[in-house]
Amino acid sequence: MKIFFLGTNGWYDSTAGSTPSILIDTVDSYIILDAGFGLAKAGEYIKKDKPVYLFLTHFHLDHICGLSALSKLPLKQSLTILSHKGLNKMLKTLFVHPYASPTKDLSFKIKTKELKEGSYNLPIKFECRKLAHIDLTFGYRLYLEDKIISYCSDTKPCINDLKLATGADILIHECGYNLQPPDDFWGHTDPEGAGKLAIEAGVKKLYLTHFGPNAFPTRAKRLEAQKRTRKIFKNSFSAFDDTMIEL
Ligand SMILES: [Zn+2]
Ligand SMILES: [Zn+2]
């Protein structure tokens, strides 16, 4: 299994990276996590006719803007988009003229699945739970090739964050803030918050992503975040747009 970070910024694209998208290449399928502008690079890695599942955490624009580049994907097979309630309404509202090319005009078929919190086997085995973010957001815990990959973005550390991450082989966690504000109503995490969560959850490795481009404008700033997180949890890494994990 390989995990490709295609976009590792939150909020907006900058020289540090594109908005969030991650591609997981497994024996049986391709799994894409979020559809920021990083999604436009997914076609470079999708070479086989395996099923493609796209999990959206929420509908903030930085997580769905890359859907406008779906036509760039060289798919012969259909694409299944999964997210919480409101997915179909979002697609019908935003991915129509005059905002974007409608998904029905794509050369491949789109299927959708609206999820409730809980466990699924579709046949991808996963669990989804609500996170602590300003608008409805799901985190995912995926069971892939005897490994657990947890993806929590966007959120501040919370109980469901911990549940999704517990015992994960790889926890991919957002790092929107340089310093968590005490009165955080928006819901993001700073390097120390992610490190503490990783320790508490007993994960094997933590990858920070969804870096706020204002808080982490350079590669050096992301490496500082990695250093701060490693003081709490040694097996921490800052992801970059070209980061690949093989496991
Ligand atoms: Zn975001
Ligand atoms: Zn968000």
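Since this is a predicted model, take the numbers as computed values, not measurements. (Residues numbered from 1 in each chain as written. Chains lettered and ligands numbered in written order. Predicted model: local features only at pLDDT ≥ 70, side-chain atom pairs only at ≥ 80, totals over all residues.)

Asker: Would you mind going over the overall build of the protein with me for this structure?
Answerer: Scanning the protein for helices and strands turns up 5 helices and 14 strands. Taken over the C-alpha trace, the protein has a radius of gyration of 17 Å; the compact-globule value for 247 residues is 18 Å, and the two agree within 12%. A total of 247 residues make up the protein; the buried ones form 46% of that total. Expressed as a percentage of contacts within the protein between residues at least 6 apart in sequence, the contacts between residues at least 24 apart total 59%. (Helix = DSSP H or I, 4+ residues; strand = E, 2+ residues; numbered from the N terminus. Rg over C-alpha atoms; globule rule 2.2 N^0.38 Å. Buried ≥ 20, exposed ≤ 12 C-beta atoms within 10 Å, placed from the backbone. Contact = placed C-beta atoms within 7 Å.)

Asker: How should the pairing of strand β7 (residues 118–121) be read in this particular structure?
Answerer: The side chains of a regular strand alternate between the sheet's two faces. Bridging between β7 and strand β8 (residues 125–130) involves 4 bridges; their strand directions are antiparallel. Of the residues in β8, the one forming a bridge with N121 is K125. Between the antiparallel neighbours β7 and β8 lie 3 residues. (Pairing = 2+ DSSP bridges.)

Asker: Even after reading the chapter, I still don't get the sheet that holds strand β5 (residues 79–84), so can you show me in this structure?
Answerer: Spatial ordering of the open sheet is given by β6-β5-β4-β3-β2-β1-β14, a layout of 7 strands whose pairing is mixed. Strands at the two margins of the open sheet, each flanked by one partner only, are β6 (110–115) and β14 (244–246). Ignoring which end each strand starts from, the neighbouring axes of this sheet average 20° apart. Alignment of strand β1 (residues 2–7) against β14, held across 3 bridges, turns out to be antiparallel. Note that in β14 the partner of F4 across the bridge is M244. Seen against the sheet, helix α2 (residues 87–94) touches β5 and β6 and runs at an angle of roughly 135° to β6. (Axes fitted to C-alpha atoms, helices over the stretch in contact; angles between N-to-C directions.)

Asker: Honestly, unusual backbone geometry in this entry has me stumped. Any pointers?
Answerer: Most peptide bonds are trans, and most residues other than glycine sit at a negative phi. Here the residue pair H97 and P98 is connected by a cis peptide bond, since its omega of 5° sits within 30 degrees of zero. Assignment of secondary structure puts P98 in the loop between α2 and β6. Note the cis peptide between L122 and P123, where omega equals 5°. Within the secondary structure, P123 sits in the loop between β7 and β8.

Asker: Please clarify how the packing of helix α4 (residues 191–201) against helix α5 (residues 219–232) should be interpreted in this entry.
Answerer: Two quantities define a packed helix pair, namely the angle between the axes and the distance from one axis to the other. Interaxial distance between α4 and α5 falls to 8 Å at its minimum, and their mutual angle equals 35°. In this structure, α4 crosses over α5, and the sense of that crossing is right-handed. Side by side, α4 and α5 meet where P191, E192, A194, G195, K196 and I199 of the first sit next to A225, R228, T229 and I232 of the second. Taken together, the residues of the contact of α4 with α5 sort by class into 5 nonpolar, 2 polar and 3 charged. (Left-handed = near helix turned anticlockwise from the far one by under 90°. Nonpolar A, V, L, I, M, F, W, Y, C, P; charged D, E, K, R; others polar.)

Asker: When you look at the nonpolar core in this model, what are you seeing that I'm missing?
Answerer: Taken as a class, soluble globular proteins show a tendency for nonpolar side chains to be buried jointly. Residues I22, I32, L54 and L171 are the most contacted members of the largest nonpolar core, which totals 63 residues. Not counting residues within four places of it along the chain, the set of residues in contact with L171 comprises S150, A165, A198, A201, V203 and L206. (Core = buried A, V, L, I, M, F, W, Y, C linked by C-beta atoms within 7 Å.)

Asker: Just checking my understanding: could you explain the pairing of strand β9 (residues 138–144) for this structure?
Answerer: Across the 7 residues of β9, 6 count as buried, placing the element largely inside the fold. Judged from the 6 bridges that link them, β8 and β9 form a sheet pairing that is antiparallel. By the bridge assignment for β9, C128 is matched with Y140. Summarising the sheet, β9 and strand β10 (residues 147–152) pair through 5 bridges and their orientation is antiparallel. Note that in β10 the partner of L142 across the bridge is I149.

Asker: What should I look at first to understand the sheet that holds β10 in this one?
Answerer: Strand-to-strand pairing in sheets goes through backbone hydrogen bonds, with the strands running parallel or antiparallel. Read from one edge to the other, the open sheet built from 7 strands follows the order β7-β8-β9-β10-β11-β12-β13, with strand pairing classed as mixed. Of all strands in the sheet, those bounded by a partner on one side alone are β7 and β13 (236–238). This sheet shows a mean twist of 20° between the axes of neighbouring strands, independent of strand direction. In this sheet, β13 lies alongside strand β12 (residues 205–211) in parallel orientation, the contact comprising 3 bridges. Each bridged residue has a counterpart across the sheet, and for L206 the counterpart in β13 is S236.

Asker: Before we go on, may I ask you to explain the environment of T189 in this structure?
Answerer: Topologically, T189 is positioned in the loop between β11 (170–175) and α4. Take T189: there are 28 C-beta atoms within 10 Å of it, and that puts it in the buried class. In sequence terms T189 and C152 are 37 residues apart; their C-alpha atoms lie 10 Å from each other. Residue contacts for T189: discarding those within four places in its chain leaves T155, K156, P157, H173, E174, C175, G176, Y177, Q180 and A194.

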